[in-house]
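# Report on the structure
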Amino acid sequence: MRLTVALPLEHRSSVEARFPPELRRVVEWTDIGPASDVSIGMAGRGRLAGCADWPGVEGAYSLIQAGFERSKDLRSMQRLNEVGAALASEQNLDRLLDLILTQSRGLLSAEAGSIYLVVGDDGAKELLFAHTQNAKVSLPYHRFKMPISTSTLAGFVASTGDPLNIPDVYRIAESAPYHFNDSFDRQARYRTVSMLVVPMQDTEGEILGVIQWINRVEDDEGAPVPFLAEHQILARSLAAQAGVAVKNAQLRSDIEALFEGFVNASVTAIEARDPVTSGHSGRVADLTVGLAEAVNLTPNGLYGPVSFNDRQLREIRYASLLHDFGKVGVREQVLVKAKKLDSQRMEIILQRLRQKQLEDALILLQESWRGGQHFDPVHWDSIIRDRQEETERLMELVRRSNEPSVLPQDVAEGLGLLDGLSFTHWNGESAHIVHPDDLACLRIKKGSLSEGERLEIESHVTHTFRFLQQIPWTRDLKDIPEIAYAHHERLTGRGYPRQLGAVEIPVQSRAMAISDVFDALTARDRPYKAAVPLEKSLAILEDEAKEGQLDAQLLGLFIEAKVFERTVRHGA
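Keep in mind that this is a model prediction, so the values were computed, not measured. (Residues numbered from 1 in each chain as written. Predicted model: local features only at pLDDT ≥ 70, side-chain atom pairs only at ≥ 80, totals over all residues. Heavy atoms only, no water.)

Right, let's talk about helix H8 (residues 280–296) for a bit. The end-to-end C-alpha distance of H8 is 24 Å, a good match for the 24 Å that 17 residues give at a rise of 1.5 Å each. Extensive coverage of H8 is indicated by the burial of 12 of its 17 residues. In this fold, the buried residues of H8 make contact with helix H7 (229–273), helix H9 (310–321), helix H18 (507–522) and helix H20 (552–560). (Helix = DSSP H or I, 4+ residues; strand = E, 2+ residues; numbered from the N terminus. Expected span 1.5 Å × (residues − 1). Buried < 20%, exposed > 50% of the residue type's maximum accessible area, 1.4 Å probe, protein only. Contact = heavy atoms within 4.5 Å.)

Shown next, in the form of structure tokens:
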């Protein structure tokens, strides 16, 4: 800060002789103005004080001193506004605490400072030593908690709400309820002298913590001097701004913790509904965030200009964790369907085939008796054996066709043998051994789902979107529903459920699509299929990228940055 002063040249030395050091450092003489005028100004602020006639040496000095005090007030207000703007822009609590100390130490010319936060419930509140800075010494510090007691400087201020301005902490009166703890000074070989301690309060007056500034110095080499009354006023204003910023950061932290808990609970619900894919959501989140971080490290190419900040990475993580939440709206028997028919349906069909075997044998026996044939054990054993072998062939046919792998041609053709096969129901009526609906399932060429069941599974994406839309996300998380909604879309427009084109699919969803397919291929916990080896899985992804289904640029980063190693290692 520079203070410009104009006064008659013949009186300049007499006035300057009265300047204290702090004034001598900032005054800049100028010859602008009438010969008898006294004018004090500051760059960008214009005239601060002055008079048209020569007021004498004492009067001129008083005017300069008044201009100096006003310039300090204006500078403090400007710095307070700058500090307020800086604090309002920071939402991370740890970075905010560091910023509070950095800005306030500069404003108060403090060599060091610390921040304590009030933590705990109303019945058991404590002071958390949360952050510290020191321009002279650098020692690692650890957060710790201590009781709120009037016996400590910070505790006294937190308890009473009264500030402390102590010229020398080693000369505190014995009658004072508080004392100075010199353990840090002894450990760091430091000398604390002056200290200013003020409460940090929110708009409702609740004490959120305490800020203490240590050793005011007027220049880099100067010895510590006491904080003045003006510094105490400035400190209270700083602490008020800091209190609002800390309260906002704490509220934001509470909201984020709430969302984190909600997301984790939702993932638990998904995995409880579909235990077969347990861990899938977490792995997809790890892979998708890893791919987004790889995009951030890419300076060139299609995604060179794209960068995701911390909040956007959290948005991607939450969208990935919740991308399958809509499965809670899919019937359980469809959701966990590992084979074309469940074990209960298979048991019924196999039991009916065995009953059919016995029924056929009984019919042949009855026909022989009616024809007058005598019982021939060898002939009867042959008939039983033929019936049993035929039944075993049909049972094996049913077992093979029930697998979710590609249906072999011979099995597909053999299923015709089951058409029209009947047995005698317990009510005496003839009934299908294999119900037509079950037979249609056995004829599924690939996988375990019928067309209707496949559409029901695919509906989980729409269920996810509708569910996520109901949540009042914060502004920086508002795109979660859309990101999750598009993770099964494909660049060719052949995805589901909306058949979006490439330009309509967000980058985050494209990245999630790669992660989702990769994990589905390499997962080792699926009872209905073996894990596909890493190299083959990557080759499958590359084939889909060549077909235009997946984003080739993102897949290239996925492979080049070895994002896949977050869940699968080479050789797996």
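Still to come is the rest of the account.
Attention now goes to the side chain of Asn215. Looking at where Asn215 falls in the secondary structure, it is placed in strand S10 (residues 207–216). Engagement of the side chain of Asn215 in a polar contact is seen with the backbone nitrogen of Val193, the distance being 2.6 Å. Sequence-distant contacts of Asn215, defined by excluding residues within four places in its chain, comprise Ser109, Ala110, Glu111, Tyr190, Arg191, Thr192, Val193, Ser194, Pro224 and Phe227. (Polar contact = N/O pair within 3.5 Å; in protein donor to acceptor, adjacent residues only side chain to side chain.)

Structurally, Met200 can be placed in strand S9 (residues 195–201). With 44 residues separating them along the chain, Met200 and Val244 place their C-alpha atoms 8.6 Å apart.

What follows covers the sheet that holds strand S1 (residues 3–6). Strand order in the open sheet formed by four strands is S2-S1-S3-S4, and the pairing between neighbours is mixed. Each having just a single partner strand, strand S2 (27–29) and strand S4 (46–51) make up the two edges of the open sheet. Going from strand to strand, the sheet's axes swing by 25° on average, the running direction of each strand aside. Bridge count between S1 and strand S3 (residues 38–42): three bridges; the pairing is antiparallel. (Pairing = 2+ DSSP bridges. Axes fitted to C-alpha atoms, helices over the stretch in contact; angles between N-to-C directions.)

The next subject is the sheet that holds strand S8 (residues 164–166). Strands sit in the order S7-S6-S5-S10-S9-S8 across an open sheet of six strands; the sheet is antiparallel. Each edge of the open sheet is held by one strand with a lone partner, namely strand S7 (144–147) and S8. For this sheet the average axis-to-axis angle between neighbouring strands, irrespective of direction, equals 25°. Pairing geometry for S9 and S10, over seven bridges, is antiparallel. In the strand pairing of S10, Val198 is matched with Ile211. Taken strand by strand, helix H4 (residues 93–108) contacts strand S5 (110–119), strand S6 (126–134), S9 and S10, and its axis lies near 140° from that of S5.

A separate point is the pairing of S10. Among the 10 residues in S10, 10 count as buried, and that is most of the element. When S5 meets S10, the two strands line up antiparallel, connected through seven bridges. The partner of Ala110 across the bridge, within S10, is Arg216. Linking S9 to S10, which pair antiparallel, is a turn of five residues; within it Gly205 sits at a positive phi near 90°.

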